[in-house]
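Structural description and commentary
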Amino acid sequence: MQAVISVVGRDRVGILKDVATKCADRNVNVIDVSQTVLRDMFTMIMLVDISEINIKFGDFSLEMEAFGKEIGMEIRAMHEDIFNSMHRI
């Protein structure tokens, strides 16, 4: 199973490390990352493997959102089934 994590906020050193560390703490493996900086705005999309996650995905999603607030970023974690449903025509 996979999920998509989006991260948006002011650029600073260590954002990728911080988010990847939170994922690792929950046994979530980062598969792919796309990131860009537009002026001072950082955006990142991560594709992650959640097949070995050690908590419920809903709890992980809430944890990531709360962590985003702690570090001044907006972080959303979305299960691949929801993401795929949202993007089907």
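Structure: above.
My aim in this report is to walk through the structure given alongside it, one point at a time.

**A look at the nonpolar core**
Among the nonpolar cores identified, the biggest contains 21 residues, and Ile5, Val7, Val19, Val48, Phe60 and Ile75 are the most heavily contacted of them. Of all the elements in the fold, those that place two or more residues in this core are strand E1 (2–10), helix H1 (15–25), strand E3 (41–49), helix H2 (57–70) and strand E4 (73–79). In contact with Ile75, other than residues within four places in its own chain, are Ile5, Ser6, Val7, Val19, Met64, Glu65, Phe67 and Gly68.

**As for the pattern of salt bridges**
A full pass over the atoms with the stated rule returns six salt bridges. A salt bridge links Asp40 to Arg10, with the nearest nitrogen and oxygen atoms 2.6 Å apart. Of this pair, Asp40 sits in the loop between strand E2 (29–38) and E3 while Arg10 sits in strand E1, and the two are 30 residues apart along the sequence. For Asp40, a relative accessible area of 38% corresponds to the partly exposed category. On the accessibility criterion, Arg10 (52% relative accessible area) is exposed. Between Glu65 and Arg76 there is a salt bridge; the shortest N-O distance is 3.2 Å. Of this pair, Glu65 sits in helix H2 while Arg76 sits in strand E4; the two residues are eleven residues apart in sequence, bridging distant segments of the chain. Among the residues examined, Glu65 registers a relative accessible area of 27% and is labelled partly exposed. In this structure, a network of salt bridges that share partners links the residues Arg12, Lys17 and Asp18.

**A word on the side chain of His79**
Along the chain, the position of His79 falls in strand E4. With a relative accessible area of 14%, His79 lands in the buried category. Not counting residues within four places of it along the chain, the set of residues in contact with His79 comprises Met1, Gln2, Ala3, Ile50 and Phe57.

**Thoughts on the packing of H1 against H2**
For the pair H1 and H2, interaxial distance at closest approach is 11 Å and the crossing angle is 155°. Relative to H2, the element H1 lies roughly antiparallel. As for the relative orientation of H1 and H2, their crossing is right-handed in sense. Note on element contacts: H2 touches H1 through Phe60, Met64 and Phe67, opposite Asp18, Val19, Lys22 and Cys23. When its residues are assigned to classes, the contact of H1 with H2 shows five nonpolar, no polar and two charged.

Calculation rules
- Residues numbered from 1 in each chain as written.
- Predicted model: local features only at pLDDT ≥ 70, side-chain atom pairs only at ≥ 80, totals over all residues.
- Heavy atoms only, no water.
- Core = buried A, V, L, I, M, F, W, Y, C linked by side-chain atoms within 4.5 Å.
- Buried < 20%, exposed > 50% of the residue type's maximum accessible area, 1.4 Å probe, protein only.
- Helix = DSSP H or I, 4+ residues; strand = E, 2+ residues; numbered from the N terminus.
- Contact = heavy atoms within 4.5 Å.
- Salt bridge = Lys/Arg side-chain N within 4 Å of Asp/Glu carboxyl O.
- Axes fitted to C-alpha atoms, helices over the stretch in contact; angles between N-to-C directions.
- Parallel < 35°, antiparallel > 145°, perpendicular 65-115°, else oblique.
- Left-handed = near helix turned anticlockwise from the far one by under 90°.
- Nonpolar A, V, L, I, M, F, W, Y, C, P; charged D, E, K, R; others polar.

Take it as geometry only, folks, not as evidence of what the structure does.
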